Amino acid sequence: MTYLITGATGDVGSRVTEMLIERGERPRIFVRDLKKAHARFGERAEIFVGDLADTASLKPAIKGVDALFLVTTGPEIPALDEGAATIAKATGVRHLIKLSSMDVAQGLAIGAWHEQGEAAIQASGIPFTSVRPSGFMSNLLAWTHSVRSEGIVRSSTGNGKRAFIHSNDIAAAATVALTTGAYDMQSLTITGPEALTFADVTARIGAAIGRALKFESIADGEAHQRYAATGASATETDAHVALWRAIREGRLATATNVVEQVLGRPPINFDQWLSENETAFR
């Protein structure tokens, strides 16, 4: 089997690549930054350089590939998914694994982008699996600056809960789907083992670093202003505020047992992730 991994220097894609290498594979990876990819994987992976937005650059990488792991982000998700799926189908790829989002079911902006991407892949006729994780534990690292500098976490999620998932579990589930084809034409909604409020998470981080942290609930308007200040586009900002509102309304608190079904073990809990990352908050 020949595997092609996109997003291979990112959070999940890099882990899928490493898991394939651990299985004795030498996967192909499709990246924008050759230097970064070579520093990470050396000769353990076959590196192709290009951009999913430039479908011509994908063709050499995908030629002869049996299975594709597809990672796309932002408002361009539908177009990028359609382009990759069309080429994959035309070149004989046997199945495609898409990193999607649990939020598809809610019709939120970010979920809607993935929903449209899934529809485009399905329309191509290629067998595929949609891996739909809940909120990434790794995204909580965005709090490190405010924790270190102020001892405060601000969010418009209120008392809403999220069953945050470890990136290793996302990658492991995707790798099983990629290497077995056992979940073709299925959606895997994967979460962590427990739904936590953002205040709960803040308190656990504080306990881990030995510091009393404050969780401050903010309004949507302030959340919008703060996220826009990071340089995000208006479309992306609106999407994230809508996501946080959905969490506040209790629409994204579901915890599933799909990780255990796919991997044969419970999902990694938040405290394990925190033990791996607590120094980032100090």
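Quick look at the structure, then. (Residues numbered from 1 in each chain as written. Predicted model: local features only at pLDDT ≥ 70, side-chain atom pairs only at ≥ 80, totals over all residues. Heavy atoms only, no water.)

## Some words on the overall build of the protein
Piece 1. When helices and strands are tallied, the protein shows 12 helices and 11 strands.
Piece 2. If one aligns the C-alpha atoms of the protein with their principal axes, the spans along those axes are about 55 × 35 × 35 Å.
Piece 3. Expressed as a percentage of its 282 residues, the buried residues of the protein come to 52%.
Piece 4. Put simply, 74% of the contacts in the protein that link residues at least 6 apart link residues at least 24 apart.
Piece 5. Carbon together with sulfur atoms contributes 48% to the accessible area of the protein, which is approximately 12,100 Å² in total.
Piece 6. Separation between the mean location of the 28 positive side-chain charges and that of the 31 negative ones in the protein comes to 2 Å. (Helix = DSSP H or I, 4+ residues; strand = E, 2+ residues; numbered from the N terminus. Buried < 20%, exposed > 50% of the residue type's maximum accessible area, 1.4 Å probe, protein only. Contact = heavy atoms within 4.5 Å. Areas by Shrake-Rupley, 256 points an atom, 1.4 Å probe, with all protein chains shown as cover. Lys, Arg positive; Asp, Glu negative; His and termini not counted. Charge placed at Lys NZ, Arg CZ, Asp CG, Glu CD.)

## Points about the nonpolar core
Piece 1. By size, the foremost hydrophobic cluster in this structure holds 33 residues, and its most contacted members are Ile 5, Val 12, Val 16, Ile 29, Phe 69, Leu 178 and Ile 190.
Piece 2. When residues of this core are assigned to their parent elements, the largest contribution, 7 residues, is made by helix 7 (residues 167-180).
Piece 3. Apart from the residues within four sequence positions on either side, Leu 178 is in contact with Tyr 3, Ile 5, Val 16, Leu 20, Ala 67, Leu 68, Phe 69, His 95 and Ile 97.
Piece 4. Core analysis: the next-biggest nonpolar cluster, separate from the first, contains 30 residues, Ile 77, Phe 164, Leu 196 and Ile 205 among them. (Core = buried A, V, L, I, M, F, W, Y, C linked by side-chain atoms within 4.5 Å.)

## Brief notes about the packing of helix 4 (residues 77-90) against helix 5 (residues 109-124)
Piece 1. Between helix 4 and helix 5, whose axes approach to 8 Å, the crossing angle comes to 20 degrees. As judged from the angle between their axes, helix 4 and helix 5 are roughly parallel. By crossing handedness, the relation of helix 4 to helix 5 is classed as right-handed. Seen from helix 4, the contacting residues are Ile 77, Pro 78, Asp 81, Glu 82, Ala 85 and Lys 89; seen from helix 5, they are Trp 113, His 114, Gln 116, Gly 117, Glu 118, Ala 120, Ile 121 and Ser 124.
Piece 2. Residue composition of the contact of helix 4 with helix 5, grouped by class: 6 nonpolar, 4 polar and 4 charged. (Axes fitted to C-alpha atoms, helices over the stretch in contact; angles between N-to-C directions. Parallel < 35°, antiparallel > 145°, perpendicular 65-115°, else oblique. Left-handed = near helix turned anticlockwise from the far one by under 90°. Nonpolar A, V, L, I, M, F, W, Y, C, P; charged D, E, K, R; others polar.)

## Considerations on the sheet that holds strand 2 (residues 28-31)
Note: strands within a sheet are paired through backbone hydrogen bonds, in either parallel or antiparallel orientation.
Piece 1. Taken in spatial order, the 7 strands line up as 3-2-1-4-5-6-9 in an open sheet, and their pairing is parallel. Every other strand in the sheet has two partners, leaving strand 3 (46-49) and strand 9 (187-190) as the edge strands with one partner each. With direction set aside, neighbouring strand axes in the sheet form an average angle of 15 degrees.
Piece 2. Two strands pair when backbone bridges link them, and strand 1 (residues 3-6) and strand 4 (residues 67-70) are joined in this way by 3 bridges, in the parallel orientation. Along strand 4, the bridge assignment pairs Tyr 3 with Ala 67. (Pairing = 2+ DSSP bridges.)

## Quick word on the packing of aromatic side chains
Piece 1. In this structure the tally under the stated criterion is 5 aromatic pairs.
Piece 2. Ring centres of Tyr 227 and Trp 244 lie 5.7 Å apart, and the angle between their planes is 75 degrees; this geometry places the pair in the edge-to-face category. Of the two residues, Tyr 227 sits in helix 9 (residues 220-228) while Trp 244 sits in helix 10 (residues 234-248), which places them 17 residues apart along the sequence.
Piece 3. In this structure Tyr 227 comes out as partly exposed when scored by relative accessible area, which is 23%.
Piece 4. Classification of Trp 244 as buried rests on a relative accessible area of 18%. (Phe/Tyr/Trp six-rings, centres within 6.5 Å; stacked < 30°, edge-to-face > 60°.)

## Brief notes about the pairing of strand 6 (residues 128-133)
Piece 1. Most of strand 6 is tucked away, with 6 of its 6 residues classed as buried.
Piece 2. What you see with strand 6 is no split at all: Phe 128, Ser 130 and Arg 132 on one side and Thr 129, Val 131 and Pro 133 on the other are buried throughout.
Piece 3. Bridge count for strand 5 (residues 95-99) against strand 6 is 4 bridges, and the pairing is parallel. Looking at strand 6, one finds that Lys 98 is bridged to Ser 130.

## Section: unusual backbone geometry
Piece 1. Despite not being glycine, Met 185 shows a phi value in the positive range, around 65 degrees.
Piece 2. One can find Met 185 in the loop between helix 7 and strand 9.
Piece 3. The exposed category is assigned to Met 185, whose relative accessible area is 53%.

## Looking at helix 12 (residues 270-277)
Piece 1. Every buried residue of helix 12 is listed here: Phe 270, Trp 273, Leu 274 and Asn 277. Take helix 12 and look down its axis: the buried residues cluster within an arc of 100 degrees, on one side only.
Piece 2. Regarding helix 12, its N-cap is Asn 269, as a side-chain oxygen of that residue lies 3.2 Å from the backbone nitrogen of Asp 271 further along. (Arc of directions from axis to C-beta. Polar contact = N/O pair within 3.5 Å; in protein donor to acceptor, adjacent residues only side chain to side chain.)

## Considerations on the environment of Met 19
Piece 1. Tracing the chain through its elements places Met 19 in helix 1 (residues 11-22).
Piece 2. Assessed through its relative accessible area of 19%, Met 19 is described here as buried.
Piece 3. With 44 residues separating them along the chain, Met 19 and Lys 63 place their C-alpha atoms 22 Å apart.
Piece 4. Apart from residues no more than four positions distant in its own chain, Met 19 is found in contact with Asn 168, Ala 171, Ala 172 and Thr 175.

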